[in-house]
Amino acid sequence: MNVLNLIRWKNLMMIAVVQLLIKYALLEPFGVQTTLDGLGISLLILATVCIAAAGNIINDIYDVETDTINKPDRMIIGKSISEKTAFNAFIVLNIIGVGIGFYLSHRVGRAPFFSIFVIISILLYVYASYLKRSILIGNLVISALVALSLIIVGVFELIPAMTPTNQETQVVFFKVILDYALFAFGINLLREIAKDIEDIDGDYKAGMNTLPIAIGRERAKNILTVLNFIPLAALVYYVITDLYKQPVAVIYFLVFIVGPLLYITVKTFGTKTKKDFKHLSLMYKLVMLFGMLSLLFYLFIL
């Protein structure tokens, strides 16, 4: 169980489910020309999950000092698993992920796609070792990598199968994937800021320079409150302009995505304690989950 918690198995499962939904709820039902068969999408998921798991491990390795203050009861490295064992697992998972990426890129006839896996692997290491200590840069990078876990499905499924005759259709569906990726980027960025405010004490003692450390907890909270309105306004606009003819979809978005985001926005005003910010972080994760599950509407309603 400690190993599963170390690699953040719930987050990895969410990545796998979203990639499957893009394949089988968005692309396949509409007869879009795709490149990957069942084995191919399984390999893409495995490569993504392995590299993400490696990123979670190296992040925990570099977070040992801050975790002794921020979450001593949930520490794994140094207690249940040695740092050497964790680092070896990081290396092995990266080799597996990048290796599968190399094979898959050649299998779809797009060898340069292999560089995506290498870049993701490197960025996760640089994020853990350096970028996460910088104001917002680390937050932006990790949120972009979360978005990339969706975009990569479109890259491997749609681009190799694109021809002059189907280009317009391929682009339309790629844009849908980009919309979901943008949603994932935005919500994850907000969650990262909330987590930085939650972990300000340990981060400060570790010499990090996150947003709340640079400008203060209260100002960072105010920025987070304002930023909450951006995805909230975008989703309301999307519901009004695109979903108004689908009452079931409208109800779903209002109850499970817009409603919780509105709750988060209001809640942020009065958030003060570490426990409060931990609650906000969980709410952001639920918004992300329900947002991704809305892909099922393409299969059953849209």
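About the criteria used
- Residues numbered from 1 in each chain as written.
- Predicted model: local features only at pLDDT ≥ 70, side-chain atom pairs only at ≥ 80, totals over all residues.
- Heavy atoms only, no water.
- Helix = DSSP H or I, 4+ residues; strand = E, 2+ residues; numbered from the N terminus.
- Rg over C-alpha atoms; globule rule 2.2 N^0.38 Å.
- Buried < 20%, exposed > 50% of the residue type's maximum accessible area, 1.4 Å probe, protein only.
- Axes fitted to C-alpha atoms, helices over the stretch in contact; angles between N-to-C directions.
- Parallel < 35°, antiparallel > 145°, perpendicular 65-115°, else oblique.
- Left-handed = near helix turned anticlockwise from the far one by under 90°.
- Contact = heavy atoms within 4.5 Å.
- Nonpolar A, V, L, I, M, F, W, Y, C, P; charged D, E, K, R; others polar.
- Phe/Tyr/Trp six-rings, centres within 6.5 Å; stacked < 30°, edge-to-face > 60°.
- Lys NZ or Arg CZ within 6 Å of the ring centre and 35° of its normal.
- Patch = residues over 30% accessible without salt bridge, like charges linked within 9 Å, V, L, I, M, F, W, Y side chains within 5 Å.
- Areas by Shrake-Rupley, 256 points an atom, 1.4 Å probe, with all protein chains shown as cover.
- Salt bridge = Lys/Arg side-chain N within 4 Å of Asp/Glu carboxyl O.

Trainee: I would appreciate a short explanation of the overall build of the protein in the present structure.
Mentor: Of the regular secondary structure elements, the protein holds 14 helices and zero strands. Listed N to C, the secondary structure of the protein is α-α-α-α-α-α-α-α-α-α-α-α-α-α in terms of helices and strands. For a compact globule of 302 residues, the expected C-alpha radius of gyration is about 19 Å, and the protein comes in at 20 Å, within 12% of that figure. Across its three principal directions, the C-alpha atoms of the protein cover 60 × 45 × 30 Å. Across the 302 residues that make up the protein, the buried fraction comes to 49%.

Trainee: Explanation requested: the packing of helix α3 (residues 38-62) against helix α6 (residues 114-129) in the structure shown.
Mentor: When two helices pack together, you describe them by how their axes are tilted relative to each other and by the distance separating the axes. For the pair α3 and α6, the least separation of the axes is 8 Å and the interaxial angle reads 15°. The orientation of α3 relative to α6 falls into the category roughly parallel. For the element pair α3 and α6, the recorded crossing hand is right-handed. Residues Leu44, Ala47, Ile51, Ala52, Gly55, Ile58, Asn59 and Tyr62 of α3 form the contact with α6, whose participating residues are Phe117, Ile120, Ser121, Leu124, Tyr125, Tyr127, Ala128 and Ser129. Considered class by class, the residues forming the contact of α3 with α6 number twelve nonpolar, four polar and no charged.

Trainee: Please clarify how the packing of aromatic side chains should be interpreted in this entry.
Mentor: A ring pair, where both rings are aromatic, is described by two values, the distance of the centres and the angle of the planes. In the structure shown here, the tally under the stated rule is 14 aromatic pairs. Geometrically, the ring pair formed by Tyr62 and Tyr125 is edge-to-face, given 6.0 Å between the ring centres and 80° between the ring planes. One end of the pair, Tyr62, is in helix α3; the other, Tyr125, is in helix α6, and 63 residues separate them in sequence. With relative accessibility at 31%, the residue Tyr62 sits in the partly exposed group. Clustering of aromatic rings is evident, with ring pairs tying together Tyr238, Tyr252, Phe253, Phe256, Phe290 and Phe297. If you follow Lys23 out to its NZ or CZ, it ends over the ring of Tyr24, 5.9 Å from the centre.

Trainee: Teacher, can you tell me more about the side chain of Thr210 here?
Mentor: Summarising the element assignment, Thr210 is placed in the loop between α9 (200-205) and α10 (211-215). Ignoring any residue separated from it by four or fewer positions in sequence, one finds Thr210 in contact with Lys132, Arg133, Ile135, Asp196 and Asp203.

Trainee: I'm lost on a nonpolar patch on the surface in this one. Help?
Mentor: A contiguous nonpolar patch, built from Tyr62, Phe87, Ile91, Ile95 and Tyr125 and spanning about 440 Å² of accessible area, is present on the exposed surface. Among the elements that take part in the nonpolar patch, helix α5 (residues 83-107) stands out by supplying three residues, more than any other. As for its position among the elements, Phe87 is in helix α5. Overall, the relative accessible area of 37% leaves Phe87 in the partly exposed class.

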